[in-house]
Amino acid sequence: VDGMASWWCAIHGYNVPELNAAATRQLAQMSHVMFGGLTHRPATQLAELLVKAAPEGLTKVFLCDSGSVSVEVAIKMSLQYWAMKGQPSKT
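What counts, and at which threshold
Residues numbered from 1 in each chain as written. Predicted model: local features only at pLDDT ≥ 70, side-chain atom pairs only at ≥ 80, totals over all residues. Heavy atoms only, no water. Helix = DSSP H or I, 4+ residues; strand = E, 2+ residues; numbered from the N terminus. Buried < 20%, exposed > 50% of the residue type's maximum accessible area, 1.4 Å probe, protein only. Areas by Shrake-Rupley, 256 points an atom, 1.4 Å probe, with all protein chains shown as cover. Salt bridge = Lys/Arg side-chain N within 4 Å of Asp/Glu carboxyl O. Phe/Tyr/Trp six-rings, centres within 6.5 Å; stacked < 30°, edge-to-face > 60°. Lys NZ or Arg CZ within 6 Å of the ring centre and 35° of its normal.

Caption draft 1: Molecular detail of the overall build of the chain. Scanning the chain from N- to C-terminus turns up three helices and zero strands. Counting from the amino terminus, helix and strand elements in the chain follow one another as α-α-α. Counting only residues that meet the buried cut, the chain has 7% of its 91 residues in that class. Entry remark: accessible area of the chain is about 7,900 Å², with carbon and sulfur atoms responsible for 64%.

Rendered as structure tokens:
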């Protein structure tokens, strides 16, 4: 989930009152925290919900700051998985 969404959220329009109100409520609680080794209660609550919704056996959640970071980490995790399985050239 790319929570920042940046300019891609343009499909939902600009200056939509409901979106502005939701953003204002969020800013009053917590504006932004990088996940560079840190976490916060809303993140752990989201992780708990995701684990509950996930199929049996999926108990880990990795949160990051943007879509590009999530892709980079997924690639690195895949490479590490295959290296640990003894097939480092598998892509």
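Caption draft 2: Layout of the pattern of salt bridges. Inspection of the entire model under this criterion finds two salt bridges. A salt bridge links Arg41 to Glu48; the shortest N-O distance between them is 3.7 Å. According to the relative accessible area criterion, Glu48 is partly exposed, its value standing at 41%. Linking Lys76 and Glu72 is a salt bridge whose minimum nitrogen-to-oxygen distance equals 2.7 Å. Taken together, the residues span about one helical turn, with Lys76 and Glu72 both in helix α3 (residues 67-84) at a distance of four residues.

Caption draft 3: Quick peek at the packing of aromatic side chains. This model, assessed by the stated rule, comprises one aromatic pair. Look at Tyr81 and Trp82: their rings are 5.0 Å apart centre to centre, the planes differ by 80°, and that puts the pair in the edge-to-face class. According to the relative accessible area criterion, Tyr81 is partly exposed, its value standing at 42%. Here Lys90 stacks its cationic end above the ring of Trp82, 4.8 Å away from the centre of that ring.

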